[in-house]
Amino acid sequence: ILSNYVETSVKESDMSLRTSKIQLKIPSGCDGAVFVKNLYLSIDPYILGRMKKRVPYLSSYTLDSPISGYGVSKVLDSSHPNFKTGELVWGFTDWEEYSLIKDPNILFKVHDKDLPLSYYTGILGMPGMTAYVGFFEFCSPKKGETVYVSAASGAVGQLIGQFAKTAGCYVVGSAGSKEKVGLLKNKLGFDEAFNYKEEQDYDAALKRYFPDGIDIYFDNVGGKMLEAVLNNMRLHGRVALCGMISQYNSLEQSEGVHNLFNVIIKRVRMEGFFTIDHYHLYPKFLEMVVPLINEEKITYVEDIAEGIESAPGALVGLFSGVNVGKQVVVVARE
Ligand code: NDP
């Protein structure tokens, strides 16, 4: 439950756990609804934005009501023609053990039951789509190009590195700990990685890894890193603006990019995107990614927290990099 609106950074005490009795079926008068048991919750950075009273781009959560987000669920009762009892689905649900989904608009069926169900919060769900759309549609990668991704070990970033390798690119990632840097280089196939928290000068760090410049930057963090990247872009480079997590605590007073002239002189294409606008590409994405998983050409690192009571702590942890890989909360396993 959202107990109070967040001013700047989120704390566990902004959320509380509540128990209430409900009927395990659709109440009368809810035609078109689906009643689900929630299995996995996806803990995502944008949730912080919706916990604030005024959000420029999304609707705020209602105070004293459950937080909502992506999850994987089992249909227990349905009055919607597209969903049947017993089916597994992923999409928008509430942070509850059981939820009544009145508008199953963003609800997809789980097709491949042989893959881990939790993957539908990550590689097979919204973060996977984000990486796919952001990289292939917005960055237009070409073999031999140089790619840089920030927050590289996270839900989206780890896939950018691996997609870049499948496209024949040289890829470098940055992350916030020695453990994460090791993961990027030793498990996820990045060519190079560095701990941005140990770098005094981002510009110098980027020059070390990209002596001839960056063709593609997949931006997850914004702020000073984006500024440094723009100094190091190559002619006709592309920047996909995916997220700006370094600025989410105070979007109003964010550290801006000062040198946009670099975008002009390097003829850089810099474009923001919202994954939610691109779900028509989901079937095409699955066609690409499922064989890569099955043939073990791509791997996915998850950070699993047990029990719905762990969700507030898991959310808070995203903003200091506690999560190693995609942050998932298990509500129930079946
Ligand atoms: P992650 O799994 O990467 O988790 C967030 C990570 O961000 C943390 O683990 C931490 O890693 C890093 N981080 C936290 N604070 C900072 C900071 N101040 N500076 C630099 N890094 C920081 O999250 P996601 O992969 O789910 O999301 C990545 C980005 O993509 C976010 O900005 C998110 O909002 C955005 N996004 C955008 C979408 C869209 O439609 N445009 C859709 C989905 C996500 P570390 O230890 O490396 O610091």
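The name given to the protein chain in an unreviewed UniProt entry is Enoyl reductase (ER) domain-containing protein, with the source organism recorded as Salvia splendens.

Engineer: So what's going on with the overall build of the protein chain? Residues and values would help.
Structural biologist: Tallying secondary structure elements over the protein chain gives 9 helices and 13 strands in all. For 334 residues, the compact-globule formula gives about 20 Å, and the C-alpha radius of gyration of the protein chain, at 20 Å, lands near that figure. If you line up the protein chain on its principal axes, its C-alpha atoms span 65 × 45 × 35 Å. Buried residues in the protein chain amount to 43% of all 334 residues. A fraction of 65% describes how many contacts in the protein chain between residues 6 or more apart in sequence connect residues 24 or more apart.

Engineer: Please provide a residue-by-residue account of the site of the ligand, values included.
Structural biologist: Close contacts around the ligand come from 31 residues, with G154, A155, G176, G243 and G321 the closest. Looking at the shell around the ligand, the elements with two or more residues in it are α2 (126-138) and β13 (326-330). Of the residues in the shell around the ligand, the class split is 15 nonpolar, 13 polar and 3 charged. Per-domain counts for the shell around the ligand show at least three residues from each of domain 1 (12-122 + 302-330) and domain 2 (126-276).

Engineer: Run through the environment of A152, naming residues and quoting values.
Structural biologist: Topologically, A152 is positioned in the loop between β6 (146-149) and α3 (157-166). Along the backbone, A152 and G176 are 24 residues apart, and their C-alpha atoms lie at a distance of 9.2 Å. When residues no more than four places from it in sequence are discounted, the contact partners of A152 are G157, Q158, G161, G173, S174, A175, L184, F190 and A193.

Engineer: Let's hear about the confidence of the model for the protein chain: which residues, and what values?
Structural biologist: Confidence in the prediction for the protein chain averages 95 pLDDT; 98% of positions are at 70 or higher. Mean pLDDT values for the elements of the protein chain range from 94 in strand β5 (residues 107-109) up to 99 in β6. Overall fold confidence (pTM) sits at 0.97, and the ipTM for the predicted complex is 0.99.

Engineer: Let's hear about the sheet that holds strand β11 (residues 269-272): which residues, and what values?
Structural biologist: The sheet built from 6 strands is open, its strands ordered β8-β7-β6-β9-β10-β11 with parallel pairing. Each end of this open sheet is capped by a strand with a single partner; those strands are β8 (192-195) and β11. Each strand of the sheet is rotated relative to its neighbour by a mean of 15 degrees, with strand direction disregarded. Bridge count for β6 against strand β9 (residues 214-219) is 3 bridges, and the pairing is parallel. Pairing of Y148 across the sheet is with Y217, part of β9. Packed on one face of the sheet, α2 meets β9, β10 (233-241) and β11 and runs near 150 degrees to β10. Of the strands in this sheet, β6, β9 and β10 are in contact with helix α6 (residues 223-231), which crosses β9 at around 165 degrees.

What counts and what doesn't
- Residues numbered from 1 in each chain as written.
- Predicted model: local features only at pLDDT ≥ 70, side-chain atom pairs only at ≥ 80, totals over all residues.
- Helix = DSSP H or I, 4+ residues; strand = E, 2+ residues; numbered from the N terminus.
- Rg over C-alpha atoms; globule rule 2.2 N^0.38 Å.
- Buried ≥ 20, exposed ≤ 12 C-beta atoms within 10 Å, placed from the backbone.
- Contact = placed C-beta atoms within 7 Å.
- Near = placed C-beta within 6 Å.
- Nonpolar A, V, L, I, M, F, W, Y, C, P; charged D, E, K, R; others polar.
- Domains from an automatic or database assignment.
- pLDDT = per-residue confidence, 0-100.
- Pairing = 2+ DSSP bridges.
- Axes fitted to C-alpha atoms, helices over the stretch in contact; angles between N-to-C directions.

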